Amino acid sequence: MPLSLLSSSPSPAPRILPTSSSSSTSSSHFTNTRLIRNKRFRTTISIVAKASEEDDDKPKFNPFGFVTDNPSSRSAIQLPESPAEDGNVGQMLYRIEGKGKEYGSYIKAGGFRWFVRETGSPESRRGTIVFLHGAPTQSYSYRVVMSQMADAGFHCFAPDWIGFGFSDKPQAGYGFDYTEKEFHEAFDKLLDVLGVASPFFLVVQGFLVGSYGLTWALKNTSKISKLVILNTQLTVSSPLPGLFKNLRIPFLGEFTCQNAVMAERFIEAGSAYVLKLEKADVYRLPYLSSSGPGFALLEATKKANFNDITSRISAGFATGSWDKPILVTWGISDKYLPQSVAEEFQRGNPDFVKLKLIEGAGHMPQEDWPEKVVDALRLFF
């Protein structure tokens, strides 16, 4: 129900008659006697409530607590003290619309409109880097890293996957079904339109579509010069967050995917930090603007075989199967994927896999501590 419908003036409250003079505000308990008058009868209801400093310190019940318990979601769908004095969802959209599109433009490829961020010059002598994000986030997470890498002389691209961020979100069954194969094919067409010459540097992070970036690399080894992996499922022992488990449950998945603050809460739950409001606005915006991103995530999650994906990644990058340099840059404060996942992956191919641990960074090092990620990338590339 639109929150604007909650803004109507409340009906007058029933009159509360005072109790006997023996009751005082300093008492630990008090009794109010409420008289409800009716043509046929009069009922006296005694309400006993405990009043103490401890109760005063407790927050009042808020039916929208599932939204507002997150510090960065204070301006999301929330009832103020006087609803009529605050904005509704439409007004909040107006406030944040247009945010988060730094370095970006729309590119048509394969019949879809991609939102792609680009920094640096095509004439760069140091090469091209393509950054791929994971679910349920977007390329916005790379904005600082790709800006600084451009200053270092690299040409950088960071697209929003189809169904995510500001790219098209086609309805499943109408030209795109959110399968791994379709994500790979769409990415190939985008690279052709962008004119990315092979081999190039590839940076991948995150769940689901982030993993698809790695399975794409396994099928296109000749196109990759060097590979950087930020916190991503790399082994069969990699845990799967509750978000993706819930999305696979009938009815619960449909409900979960329409949570407007899902992305920002997912980021914060995997990190040691709370997002600033201006950042949370950007991650929230696609899910708040329409139901499309949520249903795209739902379809992609249902179509994914996570055990098969991690098995292929683990085997495909192992000794004897992969011979290109890999840098695993790992935020050790990741609440989803422990450090042991990165260490196990490195043991599978110690000759070609280097491990760089980043203290103070969580699941998204590029968001938590972009400067340390840039230092690692510059040294590796």
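Further up the page is the structure itself.
Residues numbered from 1 in each chain as written. Predicted model: local features only at pLDDT ≥ 70, side-chain atom pairs only at ≥ 80, totals over all residues. Heavy atoms only, no water.

Draft legend 1. Summary view of the nonpolar core. In terms of nonpolar packing, the biggest core is built from 74 residues, with Leu 202, Leu 227 and Phe 244 touching the most fellow members. What Leu 227 contacts, discounting residues up to four positions off in sequence, is Leu 202, Val 204, Leu 214, Phe 317, Trp 322, Pro 325, Ile 326, Leu 327 and Phe 380. Counting 23 residues, the second largest nonpolar core, distinct from the first, contains Val 145, Met 146, Ala 158 and Val 373. (Core = buried A, V, L, I, M, F, W, Y, C linked by side-chain atoms within 4.5 Å. Buried < 20%, exposed > 50% of the residue type's maximum accessible area, 1.4 Å probe, protein only. Contact = heavy atoms within 4.5 Å.)

Draft legend 2. Expanded view of the packing of helix α6 (residues 209-219) against helix α12 (residues 306-316). Where α6 contacts α12, the two axes come as close as 10 Å, and the packing angle between them is 45°. Our classification of the angle between α6 and α12 gives oblique. Handedness of the crossing formed by α6 with α12: left-handed. Counting all contacts with α6, which are made through Ser 211, Tyr 212, Leu 214, Thr 215 and Leu 218, the residues of α12 involved are Ile 309, Arg 312, Ile 313 and Gly 316. Residues of the contact of α6 with α12, tallied by class, amount to five nonpolar, three polar and one charged. (Axes fitted to C-alpha atoms, helices over the stretch in contact; angles between N-to-C directions. Helix = DSSP H or I, 4+ residues; strand = E, 2+ residues; numbered from the N terminus. Parallel < 35°, antiparallel > 145°, perpendicular 65-115°, else oblique. Left-handed = near helix turned anticlockwise from the far one by under 90°. Nonpolar A, V, L, I, M, F, W, Y, C, P; charged D, E, K, R; others polar.)

Draft legend 3. Quick look at the packing of aromatic side chains. One pass over the structure, following the stated rule, counts 26 aromatic pairs. Summarising the aromatic geometry, the rings of Phe 154 and Phe 201 are spaced 6.1 Å apart at their centres and angled 70° between planes, so their arrangement reads as edge-to-face. Highlighted residues: Phe 154 in the loop between α4 (143-151) and β7 (155-159) and Phe 201 in strand β8 (residues 200-204), separated in sequence by 47 residues. Since its relative accessible area comes to 10%, Phe 201 is described here as buried. Taken together, the ring pairs in this structure connect Phe 112, Trp 114, Trp 161, Phe 176, Tyr 178, Phe 183, Phe 187, Phe 200, Tyr 212 and Trp 216 into an aromatic cluster. (Phe/Tyr/Trp six-rings, centres within 6.5 Å; stacked < 30°, edge-to-face > 60°.)

Draft legend 4. Here's a closer look at α4. Those residues of α4 not exposed but buried are Arg 143, Val 145, Met 146, Ser 147, Met 149 and Ala 150. For α4, the secondary structure elements touched by its buried residues are β5 (112-119), β6 (128-132), β7, α10 (277-289), α14 (365-368) and α15 (370-380). Immediately downstream of α4, the backbone of Gly 153 shows phi near 105°, a positive value.

Draft legend 5. Region of interest: the side chain of His 133. Assignment of secondary structure puts His 133 in the loop between β6 and α4. Judged by its relative accessible area of 0%, His 133 falls in the buried class. Looking at His 133, its side chain comes within polar contact range of the main-chain nitrogen of Trp 161, at 3.0 Å. Apart from residues lying up to four places away in sequence, His 133 is in contact with Gln 138, Ser 139, Tyr 142, Pro 159, Asp 160, Trp 161, Phe 164, Gln 205, Val 209 and Gly 210. (Polar contact = N/O pair within 3.5 Å; in protein donor to acceptor, adjacent residues only side chain to side chain.)

Draft legend 6. Quick peek at the environment of Asn 231. Along the polypeptide, Asn 231 turns up in the loop between β9 (224-230) and α7 (242-247). Using a relative accessible area of 0% as the deciding quantity, one classes Asn 231 as buried. As for Asn 231 and Val 341, which are separated by 110 residues in sequence, their C-alpha atoms are 9.1 Å apart. With near-sequence residues (within four places) excluded, Asn 231 lies in contact with Gln 205, Gly 206, Thr 329, Trp 330, Gly 331, Asp 334, Leu 337, Gly 362, His 363 and Pro 365. Looking at Asn 231, its side chain comes within polar contact range of the side chain of Asp 334, at 3.0 Å.

Draft legend 7. Quick peek at the pattern of salt bridges. Evaluation of the coordinates by the stated rule reveals eleven salt bridges. With a shortest N-O distance of 2.7 Å, Glu 180 and Arg 312 are connected by a salt bridge. Within this pair, whereas Glu 180 is found in helix α5 (residues 180-194), its partner Arg 312 is found in helix α12, the two being separated by 132 residues in sequence. Assessed through its relative accessible area of 32%, Arg 312 is described here as partly exposed. Here Arg 284 ties to Asp 281 by a salt bridge, and the two come within 3.1 Å at their closest N and O atoms. Here Arg 284 pairs with Asp 281, and both are found in helix α10, just three residues apart, close to one helical turn. No difference in accessibility class separates Arg 284 from Asp 281, as the two residues are buried. Each of the salt bridges in this network shares a partner with another, and the network as a whole consists of Lys 99, Glu 264, Asp 281 and Arg 284. (Salt bridge = Lys/Arg side-chain N within 4 Å of Asp/Glu carboxyl O.)

Draft legend 8. Examining the pairing of strand β4 (residues 104-109) more closely. Relative to β5, β4 runs antiparallel, the two being bridged by six bridges. Bridging from a neighbouring strand, Ala 109 pairs with Phe 112 of β5. Linkage of β4 to β5, two consecutive antiparallel strands, is achieved through a turn of two residues, within which Gly 110 is found at a positive phi near 65°. (Pairing = 2+ DSSP bridges.)

Draft legend 9. Spotlight on α10. Here α10 spans 17 Å end to end across 13 residues, near enough to the 18 Å set by a 1.5 Å rise per residue. The largest bend along α10 measures about 35° and falls at Tyr 283, with the proline Pro 286 one to four residues further on. Within the span of α10, buried status applies to Ala 280, Asp 281, Val 282, Tyr 283, Arg 284, Leu 285, Pro 286, Tyr 287 and Leu 288. (Expected span 1.5 Å × (residues − 1). Bend = angle between axes of the 7 residues up to and from the residue.)

Draft legend 10. Region of interest: unusual backbone geometry. At the junction of Ala 135 and Pro 136, the peptide bond is cis and its omega measures out at 5° in the coordinates. Note on placement: Pro 136 falls in the loop between β6 and α4. The omega angle of the peptide bond from Ser 198 to Pro 199 is -5°, so this bond is cis rather than trans. Turning to its location among the elements, Pro 199 is positioned in the loop between α5 and β8. For Tyr 178, which is not glycine, the phi torsion reads 65° and is therefore positive. Counting through the fold element by element, Tyr 178 comes out in the loop between β7 and α5. Phi angles above zero are rare outside glycine, and Leu 208 is one such case at about 60°.

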